[in-house]
Amino acid sequence: MKLLENAILEKGKILPGNILKIDSFLNHNIDVSLVSKLGEEFYRLYKDCSITKILTIEASGIAVACFTAQYFNVPVLFAKKEKTGNIGDELYSAPVHSYTHNKDYTAVISKEFISSADRVLIVDDFLAEGSALLAMISLVQQSGATVAGAGIVVEKAFQDGGKIVRNQGYRVESLAKIASFSEDGLEFVKE
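Undergrad: What is the right way to look at the side chain of Thr68 in this model?
TA: With respect to the helices and strands, Thr68 occurs in helix H3 (residues 62-72). Filtering out sequence-adjacent residues up to four positions away, Thr68 remains in contact with Gly39, Phe42, Ile54, Leu121 and Val123.

Given below as C-alpha coordinates:
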(Lines give C-alpha, C1' and ligand atoms only; values in the text may rest on other atoms or scores of the structure.)
Protein backbone atom coordinates (compact mmCIF):
# COMPACT_ATOMS: atom_id res chain seq x y z
CA MET A 1 0.00 0.00 0.00
CA LYS A 2 1.82 3.03 -1.31
CA LEU A 3 0.19 5.48 1.13
CA LEU A 4 1.51 3.46 4.08
CA GLU A 5 4.96 2.98 2.55
CA ASN A 6 5.24 6.74 2.03
CA ALA A 7 4.27 7.39 5.66
CA ILE A 8 6.89 4.88 6.85
CA LEU A 9 9.59 6.50 4.71
CA GLU A 10 8.62 10.02 5.78
CA LYS A 11 7.90 9.54 9.48
CA GLY A 12 9.40 6.18 10.49
CA LYS A 13 12.54 5.86 12.57
CA ILE A 14 14.88 2.90 12.52
CA LEU A 15 16.23 1.97 15.94
CA PRO A 16 18.93 -0.53 16.89
CA GLY A 17 17.80 -4.16 17.13
CA ASN A 18 15.65 -4.24 13.95
CA ILE A 19 13.04 -1.95 15.46
CA LEU A 20 10.99 0.29 13.19
CA LYS A 21 9.33 3.07 15.16
CA ILE A 22 6.15 4.31 13.49
CA ASP A 23 4.27 5.45 16.56
CA SER A 24 4.20 9.00 15.18
CA PHE A 25 1.23 7.99 13.01
CA LEU A 26 0.06 4.49 13.91
CA ASN A 27 -0.35 3.86 17.60
CA HIS A 28 0.90 6.56 19.96
CA ASN A 29 0.09 9.62 17.88
CA ILE A 30 -2.61 8.33 15.53
CA ASP A 31 -3.12 9.75 12.05
CA VAL A 32 -6.85 9.05 11.96
CA SER A 33 -7.18 9.57 8.22
CA LEU A 34 -4.34 7.16 7.42
CA VAL A 35 -5.46 4.52 9.93
CA SER A 36 -8.98 4.71 8.50
CA LYS A 37 -7.52 3.98 5.05
CA LEU A 38 -5.70 0.96 6.52
CA GLY A 39 -8.99 -0.34 7.92
CA GLU A 40 -10.67 0.23 4.56
CA GLU A 41 -7.92 -1.75 2.82
CA PHE A 42 -8.32 -4.69 5.21
CA TYR A 43 -12.05 -4.57 4.48
CA ARG A 44 -11.35 -4.67 0.74
CA LEU A 45 -9.07 -7.68 1.17
CA TYR A 46 -11.41 -9.68 3.44
CA LYS A 47 -14.91 -8.39 2.63
CA ASP A 48 -16.00 -11.74 1.15
CA CYS A 49 -14.94 -13.76 4.23
CA SER A 50 -18.09 -13.34 6.39
CA ILE A 51 -16.13 -11.74 9.25
CA THR A 52 -18.07 -11.53 12.53
CA LYS A 53 -15.31 -10.28 14.84
CA ILE A 54 -11.97 -8.48 14.73
CA LEU A 55 -9.30 -9.65 17.20
CA THR A 56 -6.14 -7.77 18.14
CA ILE A 57 -3.76 -7.64 21.07
CA GLU A 58 -3.31 -4.64 23.32
CA ALA A 59 -2.35 -1.96 22.81
CA SER A 60 -0.74 -1.06 19.49
CA GLY A 61 -3.22 -2.87 17.26
CA ILE A 62 -6.39 -1.45 18.80
CA ALA A 63 -6.72 1.68 16.64
CA VAL A 64 -6.30 -0.22 13.37
CA ALA A 65 -8.64 -2.96 14.59
CA CYS A 66 -11.33 -0.39 15.46
CA PHE A 67 -11.20 1.28 12.07
CA THR A 68 -11.25 -2.12 10.37
CA ALA A 69 -14.24 -3.22 12.44
CA GLN A 70 -16.09 -0.06 11.48
CA TYR A 71 -15.94 -1.08 7.81
CA PHE A 72 -17.12 -4.62 8.63
CA ASN A 73 -19.68 -3.36 11.17
CA VAL A 74 -18.55 -5.97 13.70
CA PRO A 75 -17.14 -5.79 17.25
CA VAL A 76 -13.48 -5.63 18.20
CA LEU A 77 -12.12 -8.00 20.81
CA PHE A 78 -8.64 -7.34 22.12
CA ALA A 79 -6.47 -9.79 23.99
CA LYS A 80 -5.14 -8.39 27.24
CA LYS A 81 -1.50 -8.92 28.09
CA GLU A 82 -2.33 -9.76 31.68
CA LYS A 83 -5.37 -10.91 33.58
CA THR A 84 -7.02 -8.02 35.37
CA GLY A 85 -9.42 -8.21 38.30
CA ASN A 86 -12.46 -7.29 36.25
CA ILE A 87 -12.07 -9.78 33.39
CA GLY A 88 -13.30 -12.83 35.32
CA ASP A 89 -11.99 -16.37 35.35
CA GLU A 90 -13.55 -17.86 32.22
CA LEU A 91 -10.66 -17.16 29.86
CA TYR A 92 -8.72 -18.46 26.91
CA SER A 93 -5.00 -17.86 27.28
CA ALA A 94 -1.84 -18.20 25.20
CA PRO A 95 1.83 -17.38 25.81
CA VAL A 96 3.45 -14.51 23.89
CA HIS A 97 7.03 -13.32 23.60
CA SER A 98 7.35 -9.62 22.80
CA TYR A 99 10.21 -9.15 20.35
CA THR A 100 10.30 -5.39 20.89
CA HIS A 101 10.28 -5.53 24.70
CA ASN A 102 12.06 -8.92 25.06
CA LYS A 103 9.41 -9.97 27.56
CA ASP A 104 7.12 -12.97 27.98
CA TYR A 105 3.48 -12.62 28.98
CA THR A 106 0.17 -14.46 28.71
CA ALA A 107 -2.51 -13.06 26.41
CA VAL A 108 -6.07 -13.60 27.59
CA ILE A 109 -9.58 -13.08 26.24
CA SER A 110 -12.87 -13.65 27.98
CA LYS A 111 -14.81 -16.70 26.79
CA GLU A 112 -18.04 -14.69 26.82
CA PHE A 113 -16.98 -12.56 23.84
CA ILE A 114 -16.10 -15.25 21.30
CA SER A 115 -17.87 -18.42 20.21
CA SER A 116 -17.54 -21.26 17.76
CA ALA A 117 -19.93 -19.39 15.42
CA ASP A 118 -17.44 -16.52 14.94
CA ARG A 119 -15.30 -15.94 11.85
CA VAL A 120 -12.39 -13.89 13.11
CA LEU A 121 -10.07 -11.50 11.31
CA ILE A 122 -6.94 -10.93 13.35
CA VAL A 123 -5.48 -7.42 12.95
CA ASP A 124 -2.13 -6.24 14.29
CA ASP A 125 0.38 -3.50 13.68
CA PHE A 126 3.54 -5.60 13.18
CA LEU A 127 4.50 -9.13 12.24
CA ALA A 128 8.13 -10.08 12.93
CA GLU A 129 8.80 -13.42 14.62
CA GLY A 130 5.07 -14.25 14.80
CA SER A 131 4.62 -14.84 18.53
CA ALA A 132 1.68 -12.44 19.00
CA LEU A 133 -0.08 -13.63 15.84
CA LEU A 134 0.37 -17.29 16.79
CA ALA A 135 -1.00 -16.53 20.27
CA MET A 136 -4.09 -14.88 18.79
CA ILE A 137 -4.58 -17.84 16.44
CA SER A 138 -4.40 -20.12 19.48
CA LEU A 139 -7.00 -18.04 21.34
CA VAL A 140 -9.39 -18.30 18.37
CA GLN A 141 -8.77 -22.05 18.05
CA GLN A 142 -9.43 -22.59 21.76
CA SER A 143 -12.84 -20.97 21.33
CA GLY A 144 -13.74 -23.17 18.38
CA ALA A 145 -14.11 -20.10 16.16
CA THR A 146 -12.60 -19.87 12.67
CA VAL A 147 -9.55 -17.80 11.80
CA ALA A 148 -10.54 -16.16 8.51
CA GLY A 149 -7.14 -14.54 8.15
CA ALA A 150 -4.78 -11.91 9.48
CA GLY A 151 -4.38 -8.29 8.47
CA ILE A 152 -0.95 -6.91 9.31
CA VAL A 153 0.02 -3.28 8.90
CA VAL A 154 3.80 -3.87 8.62
CA GLU A 155 5.48 -7.22 8.10
CA LYS A 156 9.21 -7.57 8.59
CA ALA A 157 9.58 -10.07 5.75
CA PHE A 158 13.24 -10.67 6.64
CA GLN A 159 12.07 -12.35 9.85
CA ASP A 160 10.27 -15.70 10.00
CA GLY A 161 6.83 -14.86 11.44
CA GLY A 162 4.97 -14.48 8.16
CA LYS A 163 6.48 -17.64 6.72
CA ILE A 164 5.66 -19.67 9.84
CA VAL A 165 2.01 -18.58 9.90
CA ARG A 166 1.49 -18.97 6.15
CA ASN A 167 3.08 -22.44 6.26
CA GLN A 168 0.41 -23.40 8.79
CA GLY A 169 -2.19 -22.60 6.12
CA TYR A 170 -3.38 -19.20 7.31
CA ARG A 171 -3.99 -16.28 4.99
CA VAL A 172 -1.89 -13.26 5.97
CA GLU A 173 -2.27 -9.94 4.15
CA SER A 174 0.35 -7.33 5.00
CA LEU A 175 -0.07 -3.74 3.80
CA ALA A 176 3.68 -3.04 3.84
CA LYS A 177 6.39 -5.69 3.70
CA ILE A 178 9.91 -4.69 4.60
CA ALA A 179 12.66 -6.64 2.85
CA SER A 180 15.47 -5.14 4.94
CA PHE A 181 16.53 -2.11 6.89
CA SER A 182 19.55 -0.56 8.54
CA GLU A 183 20.50 2.84 9.92
CA ASP A 184 20.85 3.95 6.28
CA GLY A 185 17.22 3.25 5.39
CA LEU A 186 14.83 0.49 4.42
CA GLU A 187 13.66 -1.42 1.39
CA PHE A 188 10.20 -2.78 0.77
CA VAL A 189 9.49 -6.16 -0.79
CA LYS A 190 8.83 -5.65 -4.48
CA GLU A 191 5.58 -7.34 -5.50
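Undergrad: What exactly am I supposed to notice about the side chain of Lys177 here?
TA: Locating Lys177 in the fold gives a position in strand E9 (residues 172-182). Here Lys177 is in contact with Glu155, Ala157, Arg166, Glu187, Phe188, Val189 and Glu191, once residues within four sequence places are set aside.

Undergrad: What should I look at first to understand the pattern of salt bridges in this one?
TA: Any two side chains of opposite charge can pair if their charged atoms end up close together. The tally for this structure, following the rule as stated, stands at 6 salt bridges. As a salt-bridge pair, Lys53 and Asp118 come within 3.6 Å of each other at their nearest N and O atoms. Note that Lys53 is positioned in strand E3 (residues 53-57) and Asp118 in the loop between strand E6 (103-110) and strand E7 (119-127), a separation of 65 residues in sequence. Given the relative accessible area of 10%, Asp118 is considered buried.

Undergrad: Explain the packing of aromatic side chains to me, please; I cannot follow it from the model alone.
TA: The relative placement of two aromatic rings is captured by the distance of their centres and the angle of their planes. On inspection of all chains with the given rule, the structure shows 3 aromatic pairs. Here Phe158 and Phe181 contribute two aromatic rings whose centre-to-centre distance is 5.4 Å and whose plane-to-plane angle is 90°, an arrangement assigned as edge-to-face. Here the residue Phe158 occupies a position in the loop between strand E8 (146-156) and helix H5 (161-167), and Phe181 occupies one in strand E9, the gap between them amounting to 23 residues. On the basis of relative accessibility, which here comes to 11%, the residue Phe181 falls in the buried class. Among the aromatic residues, those joined into a ring-pair cluster are Tyr43, Tyr71 and Phe72. Between Arg171 and the ring centre of Tyr46, over which it is positioned, the NZ or CZ distance is 4.1 Å.

Undergrad: What's the story with the nonpolar core in this structure? I'm lost.
TA: Side chains of a nonpolar character, in soluble globular proteins, are inclined to be buried together. Of all hydrophobic cores here, the largest spans 34 residues; its most connected members are Ile8 and Ile54. Those elements giving two or more residues to this core turn out to be helix H1 (2-11), helix H2 (32-46), H3, E7, E8, E9 and strand E10 (185-188). One finds Tyr92, Ala107, Ile122 and Ala150 within the second-largest nonpolar core, a separate group that totals 28 residues.

What counts, and at which threshold
- Residues numbered from 1 in each chain as written.
- Predicted model: local features only at pLDDT ≥ 70, side-chain atom pairs only at ≥ 80, totals over all residues.
- Heavy atoms only, no water.
- Helix = DSSP H or I, 4+ residues; strand = E, 2+ residues; numbered from the N terminus.
- Contact = heavy atoms within 4.5 Å.
- Salt bridge = Lys/Arg side-chain N within 4 Å of Asp/Glu carboxyl O.
- Buried < 20%, exposed > 50% of the residue type's maximum accessible area, 1.4 Å probe, protein only.
- Phe/Tyr/Trp six-rings, centres within 6.5 Å; stacked < 30°, edge-to-face > 60°.
- Lys NZ or Arg CZ within 6 Å of the ring centre and 35° of its normal.
- Core = buried A, V, L, I, M, F, W, Y, C linked by side-chain atoms within 4.5 Å.

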